[in-house]
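This is what each chain is made of:
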Amino acid sequence: MGRPLIHRSPMPGLGLSMGITLTMLSLVVLLPIGALLLKGANYGLEGIWETVNRERVWAALFLSFRLSLLAALFNLVFGVLLAWVLVRYRFAGRRILDAAIDLPFALPTAVAGIALTALYAPNGTFGHIAASIGWKIAYTQWGIFIALVFVGLPFVARTVQPVVEEIEREVEEASATLGASRLHTLRHVILPMLAPAALTGFALALARAVGEYGSVIFIAGNIPLVTEIAPLLIIIQLEEFNYDAAAAIGIAMLLISFAMLLAINLIQIWSRRRIGHV
Amino acid sequence: MSDATLQKGTTARFRSATEESPLARRALIGVAFIGLAILVFAPLIAVFAEALADGVSAALRSLANPDALDAIRLTLTIAAISVPLNAAFGIAAAWFITKFDFRGKAFLITLIDLPFSVSPVVAGLCIVLMFGTNSLIGGWLVAQGFPIVFAMPGIILATLFVTFPFVARELIPVMIEQGRAEEEAALTLGASGWRTFWTVTLPNIRWALLYGVLLCNARAMGEFGAVSVVSGKIRGQTATMPTTIEMLYQEYLSVAAFSLAAVLALLALLTLLLKTALEIRHADQLAATHRH
Amino acid sequence: MHIEIDEISKQFGVTAALHPVSLSIPSGALVALLGPSGSGKTTLLRILGGLEFPTSGRVLFDGQDATGLTVQERRAGFVFQSYALFRHMTVFDNIAYGLNARPRASRPTKAEISRRVTKLLELIQLPEVGGRFPSQLSGGQRQRVALARALAIEPRMLLLDEPFGALDAKVRKELRQGLRDIHDETGLTTVFVTHDQEEAMELADLVVVMSMGRIEQVGKPQDIRARPATDFVRDFVTA
């Protein structure tokens, strides 16, 4: 009760910095999201349910979520490996690999989308090889998976890297002096230490993949019920000026995002409580 | 002498307790190289290979096309407006969050990070619902002759939405680490608020600011999903580089699409180069997670 | 176990951390490696534990060459300066770690492990902390848990790197006696590294004074005090 909303401070610029922050936040983020929620409220829960509860929408939501989960799992394993290799080993080309991990952040998604399609289409470099064993990648769910792996690649590696850097050598040495083999040390000492950061990165990659649009639509083929992702459904509804339906699907996706944001925060609280600092 | 050689032989056999066997190490490095070669380097090379499929002159000619030039001009304009706005917001938010104590700070940070977990398409949808002709505000603005959706302001809003957290989240950790002592010292020495900011705070955060601006700019120029929804993709008017790439690609103008894509890919490479240079040279002034 | 250090040297690049040194540590002794930082005392301890390998020379355990043994094969109970407890494991799991890490054939049963851990917790006089995490312990408690964890593997010797370095003066005095008691009870050959001459003199049977990668003097505390062999030793022990 006694805690003031804002503590007195000798620092200047309270009004200005607070004003800019809250105005921009409201105008750019909060009001538009509010507009979506308001639209949903007008449309009513029943209306939303009627829109979402259709085979095509369920198929798209389920597809987006399932492939995002698989891509994030792939990135979980590969990202931990990358973080370990880049921090622990010294080899020629390390800097280039390290910088390359961020390319999916820097490269526009549409560029990635058409590049991946060019590679994995039946007449592309990789698509050609795959086609020779009867494996079709572009315009199937494999193509979506690869695009989602690409956009989620940096998350796990970048969250785990600083944690690998912080592991004290003495902890690993202690494990060895107690008779543990290197493999036992990796499994029972190092991986548990990396787990919270890896899970955070996993959740970030998942959240990114569920909402991804640009890199996916070129390679997906966009066949309803088979390779149609949820964000594309919103675009289709908007092109038909069907704002209510677009808002309903948008709210469903927003709820999924919020649930994942909550999960990320819970993971962080849990790991902070459990591990603390020795 | 023979003793010395014997010792040399045995030391080679010894392995530090905190290292993997050389074989395992090589295998892991190999997997990292192959994985990134397939996932990252191959698409990058594909962009340039496809752009140059009909030779350099064909690629350059397609870039000189008026639609392409309009798209480049629009994208540069969008970035030139939205990136400074974002930087100003980032500085203000970081100042507010790190220099003052108030209730709900953690919640405010969560709200600032929110756009990272919202799909760009949903972001675009939100802006259309807020400012579209069918909405209360949008209808009124159109009546005043100031449309937002399917026009430049909408694209800027969408860009601001998706890049919202970039600068703020680079500055906040750095400014927390630096504390308030230097600013307090400047104030006790009689410096005004602005003077303190320009002469004490800004020099301390400039590299982190540049880092955030770089990432923000890359995203601003490359945003596709949100811009697709709000822009209407009108050729020569609201088609940005990424949306023009899509239109060219769907018209099977592969060289033209990939030439424009190559320009954006070069920008991405430049961004990575500058970012790595910052990480090497000014690591101590960046957020701890960027220090290698 | 009797430890024999035979002409051990260690180079790190071009700098010599240890010039060839020799030392004999009788079975069951409590030995202090005493010296300022950079004297090579920690390097020597880590070579005994198998965490570093000598550039030349041999280490003999009970007369057998142990130079080539890996750290796992040495079975040296090692207590680190920072304790290096596993922060994601409970105290119980920390102490049981070495037993659980054994290959299945030689691993004790769960009940046996539990019995041994309980006994060790009693030995370090912390019978109730088994369920806690390291972050919930005081500095002195952590040090004792690290000691119990090292003892759990039934080590052939006990090696401690600045075991009291991170503790305040009062706790340090108490734990000194604790180490002495555990040494006397287990009879393990024990080597600890310290830069604190008072600590070395009070606790050890045998003090090895080191400087610049060389052994300056080896002797009982009272002999070193009474008859310092070099100027360095005189300055260091009277400081």
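Residues numbered from 1 in each chain as written. Chains lettered and ligands numbered in written order. Predicted model: local features only at pLDDT ≥ 70, side-chain atom pairs only at ≥ 80, totals over all residues.

This next bit is on the overall build of chain B. Helix and strand counts for chain B come out as 14 helices and zero strands. Its helices and strands taken in sequence order, chain B reads α-α-α-α-α-α-α-α-α-α-α-α-α-α from the N to the C terminus. The C-alpha atoms of chain B give a radius of gyration of 25 Å, which is well past the 19 Å a tight globule of 292 residues would have. Counting the 292 residues in chain B, one finds 45% classified as buried. The contacts in chain B between residues at least 6 apart in sequence include a share of 74% that link residues at least 24 apart. (Helix = DSSP H or I, 4+ residues; strand = E, 2+ residues; numbered from the N terminus. Rg over C-alpha atoms; globule rule 2.2 N^0.38 Å. Buried ≥ 20, exposed ≤ 12 C-beta atoms within 10 Å, placed from the backbone. Contact = placed C-beta atoms within 7 Å.)

Once that is clear, we can look at the overall build of chain A. What chain A contains, in helices and strands, is twelve helices and zero strands. Along the first, second and third principal axes, the C-alpha atoms of chain A reach 70 × 65 × 35 Å. A buried classification covers 51% of the 278 residues belonging to chain A. For chain A, contacts bridging at least 24 residues in sequence account for 78% of all contacts bridging at least 6.

Backbone geometry places Lys-233 of chain B, a non-glycine residue, at a positive phi of 50 degrees. Note on placement: Lys-233 of chain B falls in the loop between helix 12 (225-231) and helix 13 (241-250). Overall, the presence of 17 C-beta atoms within 10 Å leaves Lys-233 of chain B in the partly exposed class. Positive phi values are uncommon outside glycine, yet Asp-62 of chain C reaches one of about 50 degrees. Tracing the sequence through the fold places Asp-62 of chain C in the loop between strand 4 (56-61) and strand 5 (64-65).

Here we come to the sheet that holds strand 1 (residues 3-12) of chain C. All names here are of chain C. Pairing in this open sheet of four strands is antiparallel, and the strands run 2-1-4-5 from one edge to the other. The open sheet has two edge strands, strand 2 (15-25) and strand 5, and neither has a second partner. Judged from the five bridges that link them, strand 1 and strand 4 form a sheet pairing that is antiparallel. Bridge pairing links Ser-9 to Ser-56 in strand 4. The strands touched by helix 1 (residues 41-49) within the sheet are strand 1, strand 2 and strand 4, with strand 1 carrying the most contacts at an inclination of about 115 degrees. (Pairing = 2+ DSSP bridges. Axes fitted to C-alpha atoms, helices over the stretch in contact; angles between N-to-C directions.)

Here chain A averages 91 in pLDDT, while 97% of its residues score no lower than 70. When pLDDT is averaged over each element of chain A, helix 5 (residues 109-120) of chain A comes out on top at 96 and helix 12 (residues 243-275) of chain A at the bottom at 83. (pLDDT = per-residue confidence, 0-100.)

Residues and elements named next belong to chain C. Strand order in this open sheet of six strands is 6-7-8-3-9-10, and the pairing throughout is mixed. Strands with a single pairing partner mark the edges of an open sheet, and in this sheet they are strand 6 (76-79) and strand 10 (214-219). Neighbour to neighbour, the strand axes of the sheet diverge by 15 degrees on average, direction disregarded. As defined by bridge partners, strand 9 (residues 206-211) adjoins strand 10 across five bridges and the pair is classed as antiparallel.

A few words on the pairing of strand 3 (residues 30-34) of chain C. All names here are of chain C. For strand 3, a buried count of four out of five residues is recorded, marking the element as mostly surrounded by other parts of the structure. Looking at chain direction, strand 3 and strand 8 (residues 189-194) are connected through five bridges and run parallel. Counterpart to Leu-33 in the pairing with strand 8 is Val-193. Relative to strand 9, strand 3 runs parallel, the two sharing four bridges. What sits directly across from Leu-33, in strand 9, is Val-208.

A large share of helix 13 of chain B lies buried, amounting to eight of its ten residues. Within helix 13 of chain B the residues assigned to the buried category are Met-241, Pro-242, Thr-243, Thr-244, Ile-245, Glu-246, Leu-248 and Tyr-249 of chain B. On its buried face, helix 13 of chain B is in contact with helix 5 and helix 10 (214-220) of chain A together with helix 4 (66-99), helix 11 (193-222), helix 12 and helix 14 (254-281) of chain B. Just beyond helix 13 of chain B, the residue with positive phi is Tyr-252 of chain B, at close to 60 degrees.

What follows covers the interface of chain B and chain A. With 83 residues of chain B at the contact, the number on the chain A side is 79 residues. Here the side of chain B that touches chain A gets 17 residues from one element, more than from any other, and that element is helix 2 (residues 22-51) of chain B. A breakdown of the residues in the side of chain B that touches chain A according to their chemical character gives 57 nonpolar, 15 polar and eleven charged. (Nonpolar A, V, L, I, M, F, W, Y, C, P; charged D, E, K, R; others polar.)

This next bit is on the interface of chain C and chain A. Counting residues at the interface gives 23 residues for chain C, matched by 20 residues for chain A. In terms of residue class, the side of chain C that touches chain A is built from 13 nonpolar, six polar and four charged.

Let's shift gears to helix 7 (residues 141-166) of chain A. Residue and element names in this part refer to chain A. Its 26 residues place the ends of helix 7 39 Å apart at the C-alpha level, agreeing with the 38 Å of an ideal helix rising 1.5 Å per residue. Along its length, helix 7 shows its largest kink, about 45 degrees, at Gly-152, and proline Pro-154 lies within four residues downstream of that point. For helix 7, the buried fraction is high: 20 of the 26 residues fall into the buried class. (Expected span 1.5 Å × (residues − 1). Bend = angle between axes of the 7 residues up to and from the residue.)

All names here are of chain B. For the pair helix 11 and helix 14, the least separation of the axes is 10 Å and the interaxial angle reads 165 degrees. As the angle between them shows, helix 11 and helix 14 are arranged roughly antiparallel. The element helix 11 and its partner helix 14 pack so that their crossing is left-handed. Counting all contacts with helix 11, which are made through Trp-207, Leu-210, Tyr-211, Leu-214, Ala-218, Met-221 and Gly-222, the residues of helix 14 involved are Leu-264, Leu-267, Ala-268, Thr-271, Leu-274, Lys-275 and Leu-278. (Parallel < 35°, antiparallel > 145°, perpendicular 65-115°, else oblique. Left-handed = near helix turned anticlockwise from the far one by under 90°.)

With that settled, the discussion passes to the UniProt feature "transmembrane region" (unreviewed entry) in chain B. As recorded in UniProt, the feature "transmembrane region" (unreviewed entry) lies at residues 27-52, 72-97, 118-142, 148-168 and 252-274 of chain B. Secondary structure within residues 72-97 of chain B divides into 100% helix and 0% strand; the distance between the first and last C-alpha atoms comes to 36 Å. (UniProt positions renumbered as here; feature names shortened; annotations may be inferred.)

Moving on, we get to the UniProt feature "transmembrane region" (unreviewed entry) in chain A. Residues and elements named next belong to chain A. Per the UniProt annotation, the sites labelled "transmembrane region" (unreviewed entry) are residues 12-38, 58-87, 99-121, 141-160, 216-236 and 248-270. Note that residues 12-38 is 93% helix and 0% strand, and that its end C-alpha atoms are spaced 37 Å apart. Within residues 141-160, the helical portion is 100% and the strand portion 0%, while the C-alpha atoms at the span's ends are 29 Å from each other.

The next subject is the nonpolar core. As a rule of thumb, soluble globular proteins bury nonpolar side chains together. Val-111 and Ile-114 of chain A together with Leu-125, Ile-127, Phe-161, Leu-171 and Ala-261 of chain B are the most contacted members of the largest nonpolar core, which totals 249 residues. Formed jointly, this core draws a minimum of three residues from each of two domains, domain 1 (3-75 + 155-238) and domain 2 (87-154) of chain C. Ala-261 of chain B has contacts with Val-111 and Ile-114 of chain A together with Val-47, Ala-51 and Ile-245 of chain B, leaving out every residue within four places of it along the chain. (Core = buried A, V, L, I, M, F, W, Y, C linked by C-beta atoms within 7 Å. Domains from an automatic or database assignment.)

The next point concerns the UniProt feature "domain: ABC transmembrane type-1" (unreviewed entry) in chain B. UniProt annotation of "domain: ABC transmembrane type-1" (unreviewed entry) refers to residues 72-279 of chain B when read in the numbering used here. As annotated, residues 72-279 of chain B comprises 78% helix and 0% strand, and the C-alpha atoms at either end are separated by 29 Å.

Turning next to the packing of helix 4 of chain B against helix 8 (residues 152-163) of chain B. Residue and element names in this part refer to chain B. Where helix 4 meets helix 8, the closest approach of the two axes is 10 Å, and the angle between their N-to-C directions is 45 degrees. As judged from the angle between their axes, helix 4 and helix 8 are oblique. Read as a crossing pair, helix 4 and helix 8 show a hand that is right-handed. In this structure, helix 4 uses Ile-78, Ile-81, Ser-82, Leu-85 and Asn-86 to contact helix 8, whose residues at the interface are Ile-155, Ile-156, Thr-159, Leu-160 and Thr-163.

What follows is about the environment of Ile-91 of chain B. Among the structural elements, Ile-91 of chain B can be located in helix 4. Sequence-wise, Ile-91 of chain B and Leu-209 of chain B are 118 residues apart; in three dimensions their C-alpha atoms are separated by 8.2 Å.

Turning our eyes to something else, we now look at the confidence of the model for chain B. Here chain B shows a mean pLDDT of 90. Residues at 70 or above account for 94%. What the predictor reports for the complex is a pTM of 0.89 with an ipTM of 0.90.

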